[in-house]
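Residues per chain, in single letters:
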Amino acid sequence: MTSSTLTAPARRGSDYARLSRRVAEAGLFARRPARYALRIGLTLGAFLAGWALVVAVGDSWAQLALAAVLAVATTQVSFLGHDAGHRQMFRRRGPSELVGLLAGNLAVGLSYGWWVEKHNRHHANPNHADEDPDVGAGALVWTPEQAAATRGFGRWLARRQAWLFFPMLLLEGLALHVASVRAVTGRADGRWRTPVRHRAAEAVLLVAHAAGYLGLLFAVMSPAKALLFVAVHQGLWGLYMGCAFAPNHKGMPMPSAEDDLDYLRKQVLTSRNVRGGRFVDVALGALNYQIEHHLFPNMPRANLRRARPIVQAFCAEQGLPYAETGLIESYRQGLAHLHAVGRPLRRG
């Protein structure tokens, strides 16, 4: 679903302020330290247990199955970094950044500072082709204008991008690592290209991650098995990450400079929730409550489920569309959008 001009009910005062008051009265902005302590303990426990099994199994082809299991654990650790970046765990910046650096840079090998800066720009203008880095032209194109500007191999990809979307996600892990290194080390005209608050610490932690990750693998298994482990682990991690984030906005309206939307409508109209119960909540890191997350990004993950009926009822009162669908249907809509964007190129 694409739209250059979005229509929404006329505004009456600050609708977002009224919604926020309802959510605050329900106590849903309160931090959940005990819940997060348990979640962090369980997630890191599973992550470390997975690596302990890698050491215990040794030079065996069974390591490829462990690589798949660790891809799941790594994604769950990444979700902790996401929550820390939004200060869902702690109000203060210091503890949030500490968890983010340890989860992102050290455990996963992803620059926390780069990701936070990029993700904040996405939250400020979701699905806006000129403002949201997640829908900027790249390996995939999201608008007819982006598709028309492709050349060579990029045009070949754009024609087939709906079919290639999931296979391309297998390279997302590698792309995230490369982007992290570039963000921490990249300079242009004597200046750092990307603002990173703790650049030296991030660089040290990224090096520690790479040394520990590769050192452990090559120490416990043959080079061939180690390289296959890396391919499976990183490929499935990228696939899982992409599958967790793709249902949220892909195929939803894409505002342009002509659209004049207030904060409430900017966030609701461009976001999609995914149904599925507790299993989907855990599997997607509660990002399936994308509308509530975008409206209240620092709301603790565990409270998003409880905020949903309040937000849904308020949107109904305002005559504001509230998009919610099943997981498979969310992928279908996203792929349909990619296919439609590439259609003019296939005709040519």
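Residues numbered from 1 in each chain as written. Predicted model: local features only at pLDDT ≥ 70, side-chain atom pairs only at ≥ 80, totals over all residues. Heavy atoms only, no water.

Participant: Any chance you could explain unusual backbone geometry here in plain terms?
Facilitator: Most peptide bonds are trans, and most residues other than glycine sit at a negative phi. Positive phi values are uncommon outside glycine, yet R87 reaches one of about 55°. We classify R87 as partly exposed; its relative accessible area is 31%. (Buried < 20%, exposed > 50% of the residue type's maximum accessible area, 1.4 Å probe, protein only.)

Participant: Teacher, can you tell me more about the confidence of the model for the protein here?
Facilitator: Close inspection of predicted coordinates is inappropriate in any region flagged by low pLDDT. Confidence along the protein averages 93 in pLDDT terms, with 96% of residues attaining 70 or more. Here residues 1-5 is modelled with pLDDT under 50, and outside its nearest four sequence neighbours on either side it reaches 12 contacts, counting other chains as well. (pLDDT = per-residue confidence, 0-100. Contact = heavy atoms within 4.5 Å.)

Participant: Mind showing me how you'd approach empty space enclosed by the protein here?
Facilitator: If a probe as big as a water molecule is rolled over the atoms, it shows which places are left empty. Tallying each qualifying case throughout the model produces four cavities of 30 Å³ or more. Counted as a void, the largest cavity has a volume near 130 Å³. What lines the largest cavity is a set of 13 residues, and nearest its centre among them are S78, G81, H82, L110 and W115. Top element by residues in the lining of the largest cavity is helix α3 (residues 63-85). It accounts for five residues. Looking at the lining of the largest cavity residue by residue, the classes come out as eight nonpolar, five polar and no charged. A volume near 60 Å³ is recorded for the second largest cavity. What lines the second largest cavity is simply F165, A246, K250, S330, Y331, G334, L335 and L338. Sorting elements by how many residues they give to the lining of the second largest cavity places helix α15 (residues 327-347) first, with five residues. (1 Å grid on protein atoms, 1.4 Å probe; cavity = no way out; pocket = protein on both sides within 12 Å on 5 of 7 lines; lining within 4 Å. Points joined across faces, edges and corners; volume = space filled by probe spheres on them. Helix = DSSP H or I, 4+ residues; strand = E, 2+ residues; numbered from the N terminus. Nonpolar A, V, L, I, M, F, W, Y, C, P; charged D, E, K, R; others polar.)

Participant: Quick question: what am I supposed to make of the pattern of salt bridges here?
Facilitator: Under the definition given, this model contains 13 salt bridges. Here R18 makes a salt bridge to D15, at a shortest N to O gap of 2.3 Å. Highlighted residues: R18 and D15, both in helix α1 (residues 15-25), separated by three residues, approximately one helical turn. The exposure class of R18 is partly exposed, given its relative accessible area of 29%. The buried category is assigned to D15, whose relative accessible area is 1%. Notably, a salt bridge pairs R308 with E324, separated by 2.7 Å at the nearest N-O pair. Of this pair, R308 sits in helix α14 (residues 301-318) while E324 sits in strand β4 (residues 324-325), and the two are 16 residues apart along the sequence. Through salt bridges with shared partners, a single ionic network connects D15, R18, D262 and R265. (Salt bridge = Lys/Arg side-chain N within 4 Å of Asp/Glu carboxyl O.)

Participant: Got a minute to help me understand helix α4 (residues 93-108) in this structure?
Facilitator: Think of an α-helix as turning once every 3.6 residues; residues three or four places apart then point the same way. What α4 keeps buried is the set S96, E97, G100, L101, A103, G104, N105, A107 and V108. On its buried face, α4 is in contact with α2 (33-57), α3, α5 (112-124), α8 (172-185), α9 (199-220) and α10 (223-245). Positioned one or two residues after α4, G109 has a phi angle of 85°, which is positive.

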